[in-house]
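Architecture at a glance
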Amino acid sequence: MPNELDSPVVVDFPLRGEGWLAVTTPAARIPSHGVDALGQRYAYDFLIVDERPGEYFFPGSGLGGALLGVRTRDCYAWGAPIHAPFAGEVVAALDGMPERQWIHPVREVVRQVVHGATFAPSRLMSILGNHVVLRSGGLFAGLVHLAPGTLTVAVGQSVRSGDVLGAVGHTGNSTSPHLHFQLMDAADPLVAQGVPCAFRSYEVQRDGAWSAVTNGIPGRHERLRFAGDGVGGADRV
């Protein structure tokens, strides 16, 4: 039987540097976030982890982070530039929503559960936080949870693939600084359906070496880095 991921739309990887981990990916399950709501069926969550076993997204011990929390700006992914995954037009851009300065894992998870259980359309912006939505024809990309004051684009602006849109942050319904990325068929997440997505070119760390991947869907435990210059399009495999 055909697989939902057999014919994804291919775009450029929206992050740079190395150590990125897709902690949420359609390669692990569909819907990737457990629900189809808000166009999230094939969405990704990317954060940076260090090379310790597990998913350490901040310096220091896991026990210390769990008990005492960690400062948002000390997380590895915080402030990382976010790049346009294809050439297109900015159709939504929100900046200025405040960022929580301290992360306590238990509090953040409880907050996320409460948001999910009590969601109403009027609270959409508080879920997304600072964000950008790009359009190329009938395809839309949502890049969510950006740090306040970092957006470099405005509605109506044209961008090229690779242009910087803003920086990774911890706004909206976020448990730690990360990029939530999804493709969808409409600009409004309240009515959008998710679109399967693969990335044109990136590298995966295997046995201490980096291996090139083309038109790939990152797995749950793969350490990633960007590879390539970006060609600007959004194409079906």
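This text goes with the structure placed above it.
1. Points about the overall build of the protein chain
What the protein chain contains, in helices and strands, is three helices and 17 strands. Among the 237 residues that make up the protein chain, the fraction classed as buried is 48%. Taking contacts inside the protein chain between residues at least 6 apart in sequence as the whole, the part at least 24 apart equals 69%. A total accessible area of about 10,400 Å² is found for the protein chain, and carbon and sulfur atoms account for 56% of it.

2. Points about the packing of aromatic side chains
On inspection of all chains with the given rule, the structure shows eight aromatic pairs. Both rings, one in phenylalanine 181 and one in phenylalanine 199, keep their centres 5.7 Å apart while their planes meet at 50 degrees; by these two values the pair is tilted. With phenylalanine 181 in strand 12 (residues 179–184) and phenylalanine 199 in strand 14 (residues 197–206), this pair connects stretches of sequence that are 18 residues apart. Just as phenylalanine 181 is buried, phenylalanine 199 falls in that class too. An aromatic cluster of at least three residues, connected via ring pairs, comprises Phe13, Tyr44, Phe46, Phe181, Phe199 and Tyr202. Between arginine 16 and the ring centre of phenylalanine 226, over which it is positioned, the NZ or CZ distance is 3.6 Å. The cationic tip of arginine 52 hangs over the ring face of tyrosine 56; the distance from NZ or CZ to the ring centre is 3.9 Å.

3. Description of the pattern of salt bridges
What the rule picks out here adds up to twelve salt bridges. Here aspartate 163 makes a salt bridge to arginine 160, at a shortest N to O gap of 3.5 Å. Among the ionic contacts, a cluster of salt bridges with common partners joins Glu4, Asp36 and Arg41.

4. Focus: the side chain of glutamine 40
Looking at where glutamine 40 falls in the secondary structure, it is placed in the loop between strand 2 (18–24) and strand 3 (44–48). Using a relative accessible area of 14% as the deciding quantity, one classes glutamine 40 as buried. Polar contacts involving the side chain of glutamine 40 include one to the main-chain carbonyl oxygen of alanine 37, which spans 3.0 Å.

5. Topic: the pairing of strand 8 (residues 130–136)
Of all seven residues making up strand 8, five are buried, and the element is well covered by its neighbours. As defined by bridge partners, strand 6 (residues 88–94) adjoins strand 8 across five bridges and the pair is classed as antiparallel. Counted as the bridge partner of valine 90 is leucine 134 from strand 8. Taken together, the seven bridges between strand 8 and strand 9 (residues 139–146) define a ladder with antiparallel strand orientation. Bridge pairing in strand 9 places leucine 134 opposite alanine 141.

About the cut-offs
Residues numbered from 1 in each chain as written. Predicted model: local features only at pLDDT ≥ 70, side-chain atom pairs only at ≥ 80, totals over all residues. Heavy atoms only, no water. Helix = DSSP H or I, 4+ residues; strand = E, 2+ residues; numbered from the N terminus. Buried < 20%, exposed > 50% of the residue type's maximum accessible area, 1.4 Å probe, protein only. Contact = heavy atoms within 4.5 Å. Areas by Shrake-Rupley, 256 points an atom, 1.4 Å probe, with all protein chains shown as cover. Phe/Tyr/Trp six-rings, centres within 6.5 Å; stacked < 30°, edge-to-face > 60°. Lys NZ or Arg CZ within 6 Å of the ring centre and 35° of its normal. Salt bridge = Lys/Arg side-chain N within 4 Å of Asp/Glu carboxyl O. Polar contact = N/O pair within 3.5 Å; in protein donor to acceptor, adjacent residues only side chain to side chain. Pairing = 2+ DSSP bridges.

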